[in-house]
Amino acid sequence: MNKKTNSMMVVMLVAALILSACGTAANASSSTSVSSISSQINGAGSTFALPVYSDWTYTYQSVNPSVTLNYQGIGSGGGKKGIIDNTLDFAGSDAVLSAEEYAAGKDLQMYPTLAGAVVPIYNIEGVSQILVLDGVVLAGIYNATITKWNDPAIAALNPGVSLPDASITAVHRSDGSGTTEIFTNALSAFSADWKANVGASTSVEWPVDKAGTGIGGKGNQGVAAAVQNTPDSIGYVELSYAIANNITFADMINKAGNKVTASADTLASAMNDFAGSFTDQLTNTIVDGPGATSWPIAGYTYLILHTSSMTDCTKAKNLLDFFKWALTDPTAAKHAADLGYSVLPDAVRTQVLAKMGEVTCNGTTVLSNP
Amino acid sequence: MERSKSVVNRRQTAAWLKRIRLLLHYGDRPWNVLTIGMAVLVILLMLSIGILLWVDSGQARSILGLGFLKPTSNASWNPVSGNFQAWPFIYGTLATSLVSLILAVPISLGVAVFLAELCPEWLRLPLGWLFELLAAIPSVVYGLWGIFVFLPGVVEPVGSFLSSTLGSVPGLSLFFHGPIPGSGASLLAASLVLSIMITPTIAAIARDVFLAVPVTQREASLALGATRWETIWKVLIPYGLSGILGAVILGLGRALGETMAVTMVVGNSTGGSLSLMRPGYTMSSIIANEFAEAVTVLHSQALIEIGLILFIMTLVLNILARLLVWRVGRGMPKEARA
């Protein structure tokens with residue numbers, strides 16, 4: 001064996017040793033951290049819910065200082081993957097789990113925790129009044145079948161507003177998001193055409209892109225900036241974002257035929273409309289509700305937990321106590337409303353708490369009185 | 001007793017010192033092993049990234065097949081129905097990188113020649129610093145500046161002008177037909193922002209290449225009666241050609257992979273128009289945009305496959321560029337090769 005191959009062998013050996021050492025070290029550290037700091041609870045997922053979850057985990061420090069919660073907005077997809085792989089204690093998701101994901105995660109359960117509204121924002125030259133839209137018009141605009149602002153369908157909803165003869169640029173989210181899922185869910189409810197040809201998801205194939213009149217913006221701020229910079233454009237953002245940035249948003253005519261403005265109250269009305277129609281998995285869409293004051297473009301964000309395979313019972317109790325506090329405490333509700341979200345109305349909350357009461361740890365119920 | 005103990009101690013210390021000295025003296029071997037190990041680690045890392053991308057996109061590759069890569073004017077990217085074609089993103093990445101290179105290379109060479117040859121001595125250093133500072137600006141800042149200043153102020157008027165002139169020329173109209181959106185977000189905007197971002201990279205390296213040209217070469221040329229312009233054009237640039245090509249490759253690498261600034265200005269439309277005036281999409285942008293919230297397996301795998309294509313594309317382009325540099329460098333004196 002000559003010198004060169006000899007040293008190469010040594011190198012390979014060293015590299016292999018380093019790699020294997022890294023592997024074992026990582027495993028060891030993760031298992032010790034789980035057992036030694038049991039009060040550290042890790043969650044991640046939906047960015048839609050991030051502002052509220054961050055606020056809640058921070059506020060909860062003063063309620064129960066011994067519990068540390070940590071929530072990261074890595075996206076619903078990442079959250080679902082994390083809870084299935086058992087790398088998270090809880091996950092946040094705007095999208096519901098698929099049948100395969102339920103099978104892979106074995107004992108997963110979804111719980112709605114909050115609802116958020118999505119609002120249309122616009123920038124039309126020469127129009128300062130608050131615009132009124134309805135579902136058919138909104139779907140028509142994003143379907144590229146309504147292409148001018150002075151279209152008779154829009155004019156009929158806005159008497160007294162002088163709408164220009166200008167082409168509509170439709171702005172949508174370029175990044176996958178729960179906001180888009182809620183918005184496209186609503187468009188699917190408004191228009192059978194949309195439901196058949198486009199559908200609803202965190203990102204979809206926009207007909208306006210095909211028609212050449214669509215623009216994608218990244219995040220709420222990207223959409224808002226594109227609408228602000230593009231004359232005669234329309235877009236959609238979360239109500240919380242519009243409130244925080246003082247952006248004027250359009251009113252909608254809801255299913256009952258009434259003009260409604262997005263707010264915590266109209267959001268709660270939408271939730272009440274569908275309180276009796278939850279699936280066994282406790283999921284539901286709340287778009288286009290029939291109530292007199294229901295905001296039509298709304299959606300739940302969910303918490304995902306393992307219902308029977310949690311083994312650290314102190315941690316499980318801390319986790320459920322936190323979410324019980326979040327769902328019932330008036331301070332938590334007020335903070336959520338300030339951020340433009342709405343907590344669950346009574347009719348929904350009782351069902352969610354009842355389901356949380358079914359969670360067991362090593363065979364015993366975790367919440368004593370849900 | 002006391003005394004003998006201290007003697008033993010002293011002897012032990014001396015023995016230790018000797019051992020350390022020996023280790024340092026014969027340190028070549030361990031040092032070699034260490035450096036080779038580091039080099040091997042880099043190769044392993046590269047391989048593992050490639051393998052990971054290949055394995056994690058397996059399902060998408062078998063379901064979507066070669067149709068995923070097919071150039072088509074009516075490409076589909078539909079997460080709801082699970083229909084994915086990557087052509088608009090491949091086109092967007094290639095088009096924006098190419099156009100930005102075409103714009104940036106002459107400008108950077110001009111800057112480099114000025115800094116290395118024509119600039120007064122006292123201005124050289126501060127100007128060089130300023131230019132290097134441009135390269136240090138985070139890309140998200142370029143994106144923000146693009147959205148609020150550059151796009152409405154420069155790109156939109158330029159785009160309107162181009163689409164109204166070149167947009168009706170047969171042949172060119174395919175790449176220049178308008179209208180450009182009012183916000184300016186388009187493939188053109190991405191190309192222009194990219195060209196600004198890669199100019200300092202190319203210019204800084206090209207300047208160093210010019211500065212490395214031996215003074216004797218310049219003096220010889222001038223002594224033969226060449227003008228300054230002839231010296232630059234016929235001596236400096238041919239002498240440094242392989243180094244300049246290397247600089248261009250680095251710029252291309254940055255343009256291909258740039259994500260944040262491009263995502264913010266490219267318009268993010270999967271419409272798949274070939275025109276530079278229309279909103280488009282790039283490979284890195286679609287991954288950055290959709291990966292976090294890709295809820296179906298096929299969707300995330302299709303995104304990973306795009307990552308794989310980008311990985312292979314960068315690799316192939318780099319190899320081709322290396323070959324080019326090598327070919328050009330063969331006819332050069334040894335110290336001029338990059």
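As the structure is a prediction and not an experimental result, all values here were calculated from the model.

**Thoughts on the overall build of chain B**
Point 1. Each helix and strand counted, chain B has 14 helices and two strands in total.
Point 2. On C-alpha atoms alone, chain B measures out to a radius of gyration of 27 Å, which is more than a quarter above the 20 Å that the 2.2 N^0.38 rule sets for 338 residues.
Point 3. With the C-alpha coordinates aligned to their principal axes, the bounding extent of chain B is approximately 100 × 70 × 40 Å.
Point 4. Put simply, of all contacts in chain B between residues at least 6 apart along the chain, 75% involve residues at least 24 apart.

**So, the environment of A:G257**
Residue and element names in this part refer to chain A.
Point 1. Positionally, G257 belongs in the loop between β9 (251–253) and β10 (259–260).
Point 2. C-beta crowding within 10 Å serves as the criterion here: with 8 such atoms nearby, G257 is assigned to the exposed category.
Point 3. With 151 residues separating them along the chain, G257 and K106 place their C-alpha atoms 44 Å apart.

**What about the sheet that holds β10(A)?**
Residue and element names in this part refer to chain A.
Point 1. The strand order β5-β9-β10 describes an open sheet built from three strands, whose pairing is mixed. In this open sheet, the two edge strands, each paired with only one partner strand, are β5 (132–134) and β10.
Point 2. Note: β5 against β9, three bridges, orientation parallel. For D134, the partnering residue across the bridge sits in β9 and is I253.

**Here we look at the confidence of the model for chain A**
Point 1. Of all residues in chain A, 89% attain a pLDDT of 70 or more, and the chain-wide mean is 86.
Point 2. Low pLDDT, under 50, characterises residues 8–38 of chain A; the predicted model gives this stretch 14 contacts beyond four residues in sequence or across chains.

**Side note on the interface of chain A and chain B**
Point 1. With 35 residues of chain A at the interface, the matching set in chain B holds 35 residues.
Point 2. Elements with a minimum of two residues in the side of chain A that touches chain B: α1 (3–36), α3 (76–84), α9 (207–211), β7 (214–217) and α10 (219–229) of chain A.
Point 3. Element by element, the count of residues in the side of chain A that touches chain B is highest for α1(A), at five residues.
Point 4. Classifying every residue of the side of chain A that touches chain B gives twelve nonpolar, 18 polar and five charged.

**Section: the nonpolar core**
Point 1. Membership of the largest hydrophobic core comes to 185 residues, with the highest contact counts inside it found for A:V119, A:A298, B:A189, B:V193, B:A206 and B:V265.
Point 2. Sequence-distant contacts of B:V193, that is, excluding residues within four places in its chain, are made with B:Y142, B:G146, B:F150, B:A261 and B:V265.

**Quick word on the packing of helix α5 (residues 121–136) of chain B against helix α8 (residues 187–211) of chain B**
All names here are of chain B.
Point 1. Between α5 and α8, whose axes approach to 8 Å, the crossing angle comes to 135°. Put simply, α5 runs oblique to α8. Considering how the two elements wind past one another, α5 and α8 form a crossing that is left-handed. Residue-level inspection shows F131, E132, L134 and A135 of α5 in contact with α8, the latter providing P200, T201, A203 and A204.
Point 2. Of the residues assigned to the contact of α5 with α8, the class counts are six nonpolar, one polar and one charged.

**Re the packing of helix α2 (residues 50–63) of chain A against helix α14 (residues 330–338) of chain A**
All names here are of chain A.
Point 1. Two numbers describe how α2 lies on α14: the axes approach to 10 Å, and their chain directions differ by 150°. Here the hand of the crossing between α2 and α14 comes out right-handed. Each of V52, D55, W56 and T59 in α2 lies in contact with α14, whose residues at this interface are T331, A332, H335 and A336.

About the thresholds
- Every chain's residues receive numbers from 1 upward, in the order its sequence appears when written.
- Think of it this way: whatever chain is written first is A, whatever ligand is written first is 1, and the rest follow in order.
- Local features are withheld for residues below a pLDDT of 70 in this predicted model, meaning they are given only at 70 or higher, and side-chain atom pairs are given and counted only at 80 or more; totals for whole chains, interfaces and linings count all residues.
- For helices the rule is a DSSP run of H or I covering at least 4 residues; for strands it is a run of E covering at least 2, with both sets numbered from the N terminus onward.
- C-alpha atoms define the radius of gyration in this analysis, and the globule rule sets the expected value at 2.2 Å times the number of residues to the power 0.38.
- Two residues qualify as a contact pair if the distance between their C-beta atoms, derived from the backbone, is within 7 Å.
- Residue burial is a threshold on neighbouring C-beta atoms within 10 Å of the residue's own C-beta, all placed from the backbone, with 20 or more meaning buried, 12 or fewer meaning exposed, and counts in between meaning partly exposed.
- DSSP calls a pair of strands paired once it identifies at least 2 bridges connecting them.
- Confidence scores per residue from the predictor, reported as pLDDT, run from 0 to 100.
- For this scheme, ten residues count as nonpolar: Ala, Val, Leu, Ile, Met, Phe, Trp, Tyr, Cys and Pro. Four count as charged, namely Asp, Glu, Lys and Arg, and the remainder, Gly too, count as polar.
- Take the buried Ala, Val, Leu, Ile, Met, Phe, Trp, Tyr and Cys residues, join any whose C-beta atoms are within 7 Å, and the set you get is a nonpolar core.
- The convention used is that axes are lines fitted to C-alpha atoms, helices contributing only their stretch in contact, and that angles between N-to-C directions extend from 0 to 180 degrees.
- Roughly parallel means an angle under 35 degrees; roughly antiparallel, over 145; roughly perpendicular, 65 to 115; everything else is oblique.
- Definitions for this section: a left-handed crossing has its near helix turned counterclockwise from the far helix by less than a right angle. A right-handed crossing has that turn clockwise.

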